[in-house]
Amino acid sequence: MALGLKCFRLIHPASCNYLGVLIRPVSEIALKTVSGRQPHHSQHMVYQTVPVRHFATKKAKAKGKGQSQTRVNINTALVEDIISLKEVDEEMKSVIEVLKDNFNKTLNIRTSPGSLDHITVVTADGKLALNQISQITMKSPQLILVNMASFPECTAAAIKAIRESGMNLNPEVEGTLIRVPIPKVTREHREMLVKLAKQNTNKAKDSLRRVRTDAMNKLKKSKDKTSEDTIRLIEKQISQMADDTMAELDRHLAVKTKELLG
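Residues numbered from 1 in each chain as written. Predicted model: local features only at pLDDT ≥ 70, side-chain atom pairs only at ≥ 80, totals over all residues. Heavy atoms only, no water.

Let us now look at the sheet that holds strand β8 (residues 177–181). Strand order in the open sheet made by the 4 strands is β5-β6-β8-β7, with antiparallel pairing throughout. The open sheet has two edge strands with one neighbour each: β5 (135–140) and β7 (172–174). Going across the sheet, the axis of each strand differs from the next one's by a mean of 25°, ignoring polarity. Bridge count for β7 against β8 is 3 bridges, and the pairing is antiparallel. Across the sheet, the residue bridging to V173 is I178, located in β8. Running at roughly 10° to β8, helix α5 (residues 155–163) makes contact with β6 (143–147), β7 and β8 of the sheet. (Pairing = 2+ DSSP bridges. Helix = DSSP H or I, 4+ residues; strand = E, 2+ residues; numbered from the N terminus. Axes fitted to C-alpha atoms, helices over the stretch in contact; angles between N-to-C directions. Contact = heavy atoms within 4.5 Å.)

Right, dumping it as C-alpha cells:
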C-alpha cells in the first residue's frame, strides 16, 4: 500500500502535465521537465511534447468563406503621376454604357425601326450604319421598310447585314426596297434573344479585361520609380474596379434576361 502511494505521487504530476499539453494549442507547447523526489535520491523525467493540430470546423470555414476582403480606396490625385485611375474608371464605365445601348437598340421583344438604325453595313466606302445609307420606316406593326434608293449599290450588302444582325430577321427585296417582316414573339424567339444578350455580355467582359490589362501594363512601366507596396495597392484598386464592373455587367444581363423571357 505504501509503495503504491509513492508511485502515485511520482506519476500524478507527470500525468497532469501531459494532459495539459494535449489540450493546449501547439504555439503554447514547450518542452517540460517534471521532477519527482524520493527519499535518498532525486529523479528527473523528461516528456516530449505532442503536437496537436486544431482543425477548423465546417461551420467556421463557411463563415470565413463568406467574409469579404478588405476594399481599397485610393485617392486618385495622389497617384496621378503614376496612372490615371479616373481614366481607367471611365473606360470601364464606357463598357457598361455600350452594353446597355446594345441591349436597348437590338434586343427588344418588339422589333422597331430604331432597332435597325445601327446595323453595320460593309460598303465600298467602309463600314456604315444602315440609317446612313437608307430610309427606314414602319409600314405596319408586322413590317418595316428599308428604302435604298439613295444608295442602290449597297442594297445587297444591306440585306446581308440585316440577315446577320442576330435579330432573327429575314428581309425580302423588291428593287431598291427591302421589306423586313417582324417575327412573331414566340418562346423560341425570346430564348434566342437571351442567347444574344449573353453573347453581347461576354464581348463586353472581353473589352473590360482588355481595359484592365492595359492599365496593369501601364502600371508596370512605373515599377522602377515606385515602391512595391504602392504598386501592389494600385493593382488591387484596378482589380477591384474591374470586379465591380464585371458584377455590374452581370446585373444588367440578369435584368435583360428577365425582361426578354417575360
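Mapping Q240 onto the fold places it in helix α7 (residues 228–261). Judged by its relative accessible area of 11%, Q240 falls in the buried class. Within the structure, the side chain of Q240 is placed 2.7 Å from the backbone oxygen of V72, a separation counted as a polar contact. Apart from residues lying up to four places away in sequence, Q240 is in contact with R71 and V72. (Buried < 20%, exposed > 50% of the residue type's maximum accessible area, 1.4 Å probe, protein only. Polar contact = N/O pair within 3.5 Å; in protein donor to acceptor, adjacent residues only side chain to side chain.)

Moving on, we get to the environment of P141. Examined against the element boundaries, P141 turns out to sit in the loop between β5 and β6. Remark: the alpha-carbon pair of P141 and P181, spanning 40 residues in sequence, is separated by 9.2 Å.

To continue, consider α7. Under the 1.5 Å per step criterion, the end-to-end length of α7 is 49 Å for 34 residues, consistent within 8% with the ideal 50 Å. Trailing α7 by a residue or two, G262 shows a phi angle of about 75°, which is positive. (Expected span 1.5 Å × (residues − 1).)

Any functional reading would require information beyond the geometric quantities listed.
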